[in-house]
Amino acid sequence: MSTSNAPTASPTSGPAAAGHERAARRWTLLATSLGFAVVQLDVSVVNVAIKPIGESLGGGVSSLQWVVSAYTVAFAALILTAGALSDRAGARRVFIAGFVVFTLASAACGLAPSMGALIAARVVQGVGAAVLGGSSLTLLSHAFPEPAKRARAVGLWAAGASAALAGGPLLGGLLTATLGWRSIFFINAPIGLAGIFLTVRWASETTRSSDRGVDIAGQLTAVVALVALAGATIEGGARGFTDTAVLGGYALALVAGAAFVAIESRRARPMLPLGLFRSPTFSAATAIGLMVNIAFYGLIFVLSLFFQRGQDLSSLQTGLAFAPMTGAIMAANLLAGRGARLLGPRRTIAGGALLMAVGCGALLGAGAGTPYGALVVQLLAIGFGLGLIVPAMTSSLLGSVERSQSGVASGTLNSARQTGSVIGVALFGSLIAGDRALVPGLHLALEISVGLVLAVAALAAGIGRGHGAEVLRRPG
């Protein structure tokens, strides 16, 4: 193993050294927060620009689904391997490489001359996102070794990502309306350059683990399973779900998924340690992350088309239509910690899920002529419910594993959530593809979402059981 190396010369002792260390920590926190925030931003920022992208580059609903899903497929499939790569090669080196790839791919998205070129660039952008997401937390933990300071830093890092994720539709609407849809990708360039500069200037390298290998077979089967699943679901909307190619895609996804589980169960150092799922809390939290993202991000995609195509709103108006939901998510994020302390994470998650179910159910009366004022309360309920679920779910999952496993646990949750985003966009988008009418497709998506979030409420019963329950019940 190699030892950590500071990137820049610094005083060796005294007040000057202490001041330099504080500055290095602050700027490293900012760099890693920028990296994870921009990754989360690009999960949601594209949704409100899908109509102008389609008008500019051509293509139907399935092409627009791939614009969203190509990014999240690569992100979901590669984030666990990216974490292993950062352990092996050094998180600072990998984080910088991830920022370079993400920034260049973002520029390629903004310059894309065709729909195919945009989708290809989104795949590369997703690779960069996975590398950033898989290494940022490791780099941050290295900069803040003390548990109390690390907890505060991780909280700020996560808050920035949550704000970016929630604010994506509003920012996307503003940029698309004022500068055009290509600007939603070009905005990543100054963020990327700032992140690279701060990391090179202030971050120190982490210890490299030569025994931490990359699970190539596991990685390949994970990619095949996700691509086949997303592709079959998207094409099912256009061709029909009994089409031979669609059924073949689902069969390939099933075989690849089974192969992935078989490979991981035999690895000494697996990409995904299956033993983690022996904890009821870990299993429940991971399943909750998957299901809630299917519902929420699938609905964001369909609602974006509903506002723009069904109600003839502009991109800016669509972004503003999502603003109350964004505000509700952020407000609930701030209240979720207090709620979990008072009520426990189990009740907090269940309450948030039930609130989402009420909001989705109440939207079933929405139609092309429904005024926005009759929809805003439902959007607030959905956003506030999601904002309660995610922090409680995340802290519960991390509290169910040993501290040494927090990186792989976090990566597993991120992978499950991004997989949920892929499935949600593919599935709900397929409901409005082809000859299907937009409003009936939206209603069916809402009905499925009600079922999913009610399942989340039921799964909340598993939170706090088994290993890690003592941690979750600890005051504060």
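Overview of the structure. Model, not experiment: these values are computed from the prediction.

Regarding the overall build of the chain
Thought 1: Check the secondary structure of the chain and you find 17 helices and 0 strands.
Thought 2: For a compact globule of 476 residues, the expected C-alpha radius of gyration is about 23 Å, and the chain comes in at 22 Å, within 12% of that figure.
Thought 3: Across its three principal directions, the C-alpha atoms of the chain cover 70 × 50 × 45 Å.
Thought 4: Taking all 476 residues of the chain together, 55% fall into the buried category.
Thought 5: Intrachain contacts of the chain at a sequence separation of at least 6 include 83% that bridge at least 24 residues.
Thought 6: Accessible surface for the chain amounts to roughly 18500 Å². Of this, 67% is attributable to carbon and sulfur atoms.
Thought 7: Seen as two clouds, the 31 positive and the 16 negative side-chain charges of the chain have centres 10 Å apart.

Looking at a nonpolar patch on the surface
Thought 1: On the surface, Val 101, Val 123, Val 124 and Val 127 cluster together into a nonpolar patch covering about 240 Å² of accessible area.
Thought 2: The element contributing the most residues to the nonpolar patch is helix H5 (residues 115-143), with 3 residues.

A look at the environment of Leu 170
Thought 1: For Leu 170, the location among the structural elements is in helix H6 (residues 147-179).
Thought 2: With a relative accessible area of 24%, Leu 170 lands in the partly exposed category.
Thought 3: Sequence separation between Leu 170 and Gly 387 is 217 residues; the distance between their C-alpha atoms is 17 Å.
Thought 4: The contacts of Leu 170, once residues within four sequence positions are left out, are Gly 319, Leu 320 and Ala 323.

Observations concerning the environment of Phe 296
Thought 1: Mapped onto the elements, Phe 296 comes out in helix H11 (residues 280-310).
Thought 2: On the basis of relative accessibility, which here comes to 6%, the residue Phe 296 falls in the buried class.
Thought 3: In this structure Phe 296 touches Met 325, Ile 329, Ile 382 and Leu 386, once residues within four positions along its chain are discounted.

Structural notes on the packing of helix H4 (residues 91-111) against helix H8 (residues 188-202)
Thought 1: Viewed as axis vectors pointing N to C, H4 and H8 meet at an angle of 165°, and their least axial separation amounts to 9 Å. One finds that H4 runs roughly antiparallel with respect to H8. Crossing hand, H4 versus H8: left-handed. Across from Arg 92, Phe 95, Ile 96, Phe 99, Val 100, Phe 102, Thr 103 and Ser 106 in H4, the residues of H8 making contact are Asn 188, Ala 189, Ile 191, Gly 192, Gly 195, Ile 196, Thr 199 and Val 200.

What to know about helix H12 (residues 315-343)
Thought 1: Over its 29 residues, H12 extends 40 Å from the first C-alpha to the last, a length consistent with the 42 Å expected when each residue adds 1.5 Å.
Thought 2: Taking the largest bend as the criterion, H12 deviates by roughly 40°, centred on Leu 335.

Section: the packing of aromatic side chains
Thought 1: One pass over the structure, following the stated rule, counts 8 aromatic pairs.
Thought 2: Summarising the aromatic geometry, the rings of Phe 296 and Tyr 297 are spaced 5.0 Å apart at their centres and angled 90° between planes, so their arrangement reads as edge-to-face. Assigned by exposure class, Phe 296 and Tyr 297 land together as buried.
Thought 3: Site record: aromatic cluster; members linked through ring pairs are Phe 306, Phe 307, Phe 322 and Tyr 372.
Thought 4: Arg 201 extends its terminal NZ or CZ atom over the ring of Trp 202, reaching a point 4.1 Å from the ring centre.

Overview of the side chain of Glu 264
Thought 1: Secondary-structure assignment places Glu 264 in helix H10 (residues 244-266).
Thought 2: Buried charge without a partner: Glu 264 forms no salt bridge, and the closest opposite charge is Arg 267, 5.0 Å away.
Thought 3: Within polar-contact distance, the side chain of Glu 264 engages the backbone nitrogen of Leu 272 at 2.8 Å.
Thought 4: When near neighbours in sequence (up to four residues on either side) are disregarded, Glu 264 contacts Asp 215, Gly 218, Pro 270, Met 271, Leu 272 and Leu 274.

Let's talk about the packing of H11 against helix H16 (residues 438-459)
Thought 1: Close contact between H11 and H16 brings their axes to 9 Å; oriented N to C, the two are set at 160°. Relative to H16, H11 is oriented roughly antiparallel. The element H11 and its partner H16 pack so that their crossing is left-handed.
Thought 2: Here the contact of H11 with H16 is composed, by residue class, of 22 nonpolar, 2 polar and 1 charged.

As for the pattern of salt bridges
Thought 1: The tally for this structure, following the rule as stated, stands at 4 salt bridges.
Thought 2: Of the charged contacts, one joins Arg 93 and Glu 205 as a salt bridge, the two residues approaching to 3.6 Å between their closest N and O atoms. Here Arg 93, found in helix H4, pairs with Glu 205, found in the loop between H8 and helix H9 (216-239); they are 112 residues apart in sequence, far enough to count as distant.
Thought 3: The exposure class assigned to Arg 93 is partly exposed, which follows from its relative accessible area of 44%.
Thought 4: A salt bridge links Arg 239 to Asp 243, with the shortest nitrogen-to-oxygen separation between them at 3.6 Å.
Thought 5: What you see here is one network of salt bridges that share partners, running through Glu 235, Arg 239 and Asp 243.

Rules used throughout
Residues numbered from 1 in each chain as written. Predicted model: local features only at pLDDT ≥ 70, side-chain atom pairs only at ≥ 80, totals over all residues. Heavy atoms only, no water. Helix = DSSP H or I, 4+ residues; strand = E, 2+ residues; numbered from the N terminus. Rg over C-alpha atoms; globule rule 2.2 N^0.38 Å. Buried < 20%, exposed > 50% of the residue type's maximum accessible area, 1.4 Å probe, protein only. Contact = heavy atoms within 4.5 Å. Areas by Shrake-Rupley, 256 points an atom, 1.4 Å probe, with all protein chains shown as cover. Lys, Arg positive; Asp, Glu negative; His and termini not counted. Charge placed at Lys NZ, Arg CZ, Asp CG, Glu CD. Patch = residues over 30% accessible without salt bridge, like charges linked within 9 Å, V, L, I, M, F, W, Y side chains within 5 Å. Salt bridge = Lys/Arg side-chain N within 4 Å of Asp/Glu carboxyl O. Axes fitted to C-alpha atoms, helices over the stretch in contact; angles between N-to-C directions. Parallel < 35°, antiparallel > 145°, perpendicular 65-115°, else oblique. Left-handed = near helix turned anticlockwise from the far one by under 90°. Expected span 1.5 Å × (residues − 1). Bend = angle between axes of the 7 residues up to and from the residue. Phe/Tyr/Trp six-rings, centres within 6.5 Å; stacked < 30°, edge-to-face > 60°. Lys NZ or Arg CZ within 6 Å of the ring centre and 35° of its normal. Polar contact = N/O pair within 3.5 Å; in protein donor to acceptor, adjacent residues only side chain to side chain. Nonpolar A, V, L, I, M, F, W, Y, C, P; charged D, E, K, R; others polar.

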